[in-house]
Amino acid sequence: ARTRAADTLRHVGLDEERYRSIGEYSTGMKQRVKLAQAIVHDPVFVFLDEPTGGLDPVGREEMLDLIRRIGSEFGISALVSTHLMGDVERTSDNILVIQRGRVTHQGTVASFTQETQAMYIEVDDRRDELVAALTERGLQTDGDGRGPLLVEDLKDEDFDIIRDALVASGAPLRRLAPGRDQLSDIFRGLAPGSDIEEPQQ
């Protein structure tokens, strides 16, 4: 039992800390202890309720990596209950959305996060010049004035227009990435259709 406990604590990153009192642990460390308690007996399935609650950004990333590992390395399936859609996208293969006691959406995470006909353009400088060059060529952009530009409803020929606008504006390109649907879109009524109808209001 001691060997098993030590191995499990090492898997969750608490190898040396296992000799300390739990009362001295940080919130992140306590969350890891809870995860270790859940998997120490090598279950087939575990339930994780808000596993990243109260964690700082670094602790949150580490916990999400651990959750992925218990599935990929240990073969333990996990049901993660959370309101943080980013956590679901990072850790889960499938999603089940329950609203007012009814299942409203279900399917693979990939089916709800498909690429869209949009493109994000991020440049290091000359952003205004790029916007002007795109507008001159008939492409409208969205953005908050600081972050990446978003060009929506792209057609095949628009990619050449974006390339030409970048060259004409002299804007140094940092990133060009396709837009994607997000799980949070489900709650805005924007996600791809589900095979389960929305409940009547």
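Residues numbered from 1 in each chain as written. Predicted model: local features only at pLDDT ≥ 70, side-chain atom pairs only at ≥ 80, totals over all residues. Heavy atoms only, no water.

## Here's the deal with the overall build of the protein chain
No. 1: Across its full length, the protein chain holds seven helices and seven strands.
No. 2: Reading the secondary structure of the protein chain in the N-to-C direction produces α-α-β-α-β-α-β-β-α-β-α-β-α-β.
No. 3: Among the 201 residues that make up the protein chain, the fraction classed as buried is 34%.
No. 4: Of the contacts formed within the protein chain by residues at least 6 apart in sequence, a portion of 66% connects residues at least 24 apart.
No. 5: Taken as a whole, the protein chain presents about 12,600 Å² of accessible surface, with 48% of it coming from carbon and sulfur. (Helix = DSSP H or I, 4+ residues; strand = E, 2+ residues; numbered from the N terminus. Buried < 20%, exposed > 50% of the residue type's maximum accessible area, 1.4 Å probe, protein only. Contact = heavy atoms within 4.5 Å. Areas by Shrake-Rupley, 256 points an atom, 1.4 Å probe, with all protein chains shown as cover.)

## Quick look at the pattern of salt bridges
No. 1: Inspection of every chain in the model, using the stated rule, returns 13 salt bridges.
No. 2: For Arg20, the salt bridge identified is with Glu24, shortest N-O distance 3.5 Å.
No. 3: Residue Arg20 is classed as partly exposed on the basis of its relative accessible area, which comes to 37%. (Salt bridge = Lys/Arg side-chain N within 4 Å of Asp/Glu carboxyl O.)

## Some details on the confidence of the model for the protein chain
No. 1: With 87% of its residues at a pLDDT of at least 70, the protein chain reaches an overall mean of 81.
No. 2: Looking at the elements of the protein chain, mean pLDDT is at its lowest for helix H5 (residues 109-112), recorded as 78, and at its highest for strand E1 (residues 45-49), recorded as 91.
No. 3: Segment residues 193-201: pLDDT under 50, and 17 contacts once partners within four positions in sequence are set aside and those in other chains are kept. (pLDDT = per-residue confidence, 0-100.)

## Some details on a nonpolar patch on the surface
No. 1: A surface patch of nonpolar side chains, about 440 Å² in accessible area, is lined by Val44, Phe45, Phe47 and Leu79.
No. 2: Secondary-structure assignment places Leu79 in strand E2 (residues 77-81).
No. 3: Judged by its relative accessible area of 38%, Leu79 falls in the partly exposed class. (Patch = residues over 30% accessible without salt bridge, like charges linked within 9 Å, V, L, I, M, F, W, Y side chains within 5 Å.)

## So, the side chain of Thr104
No. 1: As for its position among the elements, Thr104 is in strand E4 (residues 102-108).
No. 2: What makes Thr104 buried here is its relative accessible area of 2%.
No. 3: Only 3.0 Å separates the side chain of Thr104 from the side chain of His105, close enough to count as a polar contact. (Polar contact = N/O pair within 3.5 Å; in protein donor to acceptor, adjacent residues only side chain to side chain.)

## As for the nonpolar core
No. 1: Core analysis: the largest hydrophobic core is formed by 19 residues, its most contacted members being Val12, Leu14, Leu35, Ile39, Val46 and Leu48.
No. 2: Put simply, the parts of the chain that give this core at least two residues each are helix H2 (27-39), E1 and helix H3 (57-72).
No. 3: The element contributing the most residues to this core is H2, with six residues.
No. 4: When residues no more than four places from it in sequence are discounted, the contact partners of Leu14 are Leu9, Tyr25, Met29, Arg32 and Val33.
No. 5: In this structure, Ile121, Ala165, Leu166 and Ala171 belong to the second largest nonpolar core, which totals 14 residues. (Core = buried A, V, L, I, M, F, W, Y, C linked by side-chain atoms within 4.5 Å.)

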